[in-house]
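For reference, the chains in residue letters:
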Amino acid sequence: MSYQVHPRSTTWVVLESIALVTLNIIIFFGNFIICLVIYKSKRLRTMTNMLVVTLSISDLITASITLPMAAATSILRRWIYGSIGCQVFGFCSKYLVHVSLYIITLIALNRYVRIIKPSLYKKVFTLRRSVALLAFIWVMPALVRIIPILTSSARFVFVSHTATCILAFYEKKSQFPYTVFATLVFIALPMLVIIVCYAAVTRHVRKHRQRISSVRGDQGDLGVSIEEVKVTRTLFALVFTFILCWLPVSVALIFVKSATGSIPTLAARVLSCLVALSSASTPFVYGVLNRPFRKEFKKILPLCCRGNRTFDSESAWNLGLNARDSARNRQGPGNQSSNSAENKCSP
């Protein structure tokens, strides 16, 4: 198996490498900040934000495993991680995208129940049930991805013209049914649920728009606060940005591969950058549009600097006391007793 990447122009290699490294840094630190702010703030520890944290964790794993490997491959123009690394990269690349899409689907269902069926929200999205759903989301795509490997039906192989590792079946006739199944279960079905949920929520909110404007944060005909509606709009923007980044190109590549049997090199590399961009968009969209998150972030951001200032002032105070005591010791017993008398008389 050749580990050399298909020849590309130096300009393209430089642009792709800069894009992947930059996106990797943004994804890691941006999603880490989301997790940190929600962890530090009790106010933000809601069921919805728990789903957002799970999405950020998926992006953090992407920034820790697949993106560094992709960036190194682009820079060095060859695959340096061997066969085992190819198995890890091939498994994680699609698996993490599927997990992210399923988490976004669960967020859409969460918003649907919260806005349209608010009386059922606390019954449906209990902590135990939500944890069980998240466990299913993480386990099910992993099983679908790894079963062909465990049954020795397929393995991940490096493809030079796409500079990535793909799942290749030993029997070619098994490749098409698996691809169709994975596309329907991990792309078509989640997309259908997301579209239905947000279309219903949008229609419901629009129908009560005049009433919502008079609610002013109290309970009204919607049964939820205006703040919940704003959170829903923020999450809708998050979902829309995620899908917009990679879905059009992914669908186009499916048709291109079906017609030609292969994916163009440029298109495959663009898709890799767009998938990374979808993960990088989460901190910006959620951080910019979510006002409570911005407030908590502003509280946490200066803590280190504030701590340093407090330490410095305390140190200066202690130094001042030590200097005063040293001066008194140098003055002698007579002066010390005089100073003590003065201190006693002073108010």
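Fair warning: this is a prediction, and the values are worked out from it, not measured in the lab.

S.K.: So what about the overall build of the protein? Which residues, and what values?
M.R.: Tallying secondary structure elements over the protein gives 13 helices and two strands in all. In the protein, which comprises 347 residues, the proportion classed as buried is 42%. Looking at the protein alone, contacts between residues at least 24 apart form 73% of all its contacts between residues at least 6 apart.

S.K.: I'd like a description of helix α11 (residues 291-300), backed by residues and values.
M.R.: Residues of α11 that are buried: Pro-292, Phe-293, Glu-296 and Ile-300. Taken around the axis of α11, the buried residues stretch over an arc of 100 degrees, which confines them to a single face. Turned more than 90 degrees from where α11 packs its buried face, Arg-291 and Lys-298 sit exposed.

S.K.: Would you mind going over the environment of Tyr-198 in detail, with residue names and values included?
M.R.: Note on placement: Tyr-198 falls in helix α7 (residues 172-207). Exposure remark for Tyr-198: the relative accessible area of 4% places this residue in the buried category. Taking C-alpha positions, Tyr-198 is 6.7 Å from Ala-108, a pair spaced 90 residues apart along the chain. Those residues in contact with Tyr-198 that lie beyond four places of it in its chain are Ile-107, Ala-108, Arg-111, Thr-232, Leu-235, Phe-236 and Val-239.

S.K.: How would you sum up the UniProt feature "transmembrane region" (unreviewed entry) in the protein? Please name residues and give values.
M.R.: As recorded in UniProt, the sites labelled "transmembrane region" (unreviewed entry) are residues 12-39, 51-75, 95-113, 133-158, 178-201, 235-256 and 268-289. Measuring from the first to the last C-alpha atom of residues 12-39 gives 40 Å, for a span that is 100% helix and 0% strand.

S.K.: Lay out the packing of aromatic side chains in plain terms, naming residues and giving numbers.
M.R.: All told, the structure shown has 12 aromatic pairs when counted by the stated rule. Here the aromatic cluster, defined as three or more aromatic residues joined through ring pairs, consists of Tyr-3, Trp-79, Tyr-81, Phe-89 and Phe-158. Above the face of the Tyr-39 ring, Arg-45 is positioned so that its terminal group lies 5.7 Å from the ring centre. Above the face of the Tyr-121 ring, Arg-114 is positioned so that its terminal group lies 5.1 Å from the ring centre.

Conventions used here
Residues numbered from 1 in each chain as written. Predicted model: local features only at pLDDT ≥ 70, side-chain atom pairs only at ≥ 80, totals over all residues. Heavy atoms only, no water. Helix = DSSP H or I, 4+ residues; strand = E, 2+ residues; numbered from the N terminus. Buried < 20%, exposed > 50% of the residue type's maximum accessible area, 1.4 Å probe, protein only. Contact = heavy atoms within 4.5 Å. Arc of directions from axis to C-beta. UniProt positions renumbered as here; feature names shortened; annotations may be inferred. Phe/Tyr/Trp six-rings, centres within 6.5 Å; stacked < 30°, edge-to-face > 60°. Lys NZ or Arg CZ within 6 Å of the ring centre and 35° of its normal.

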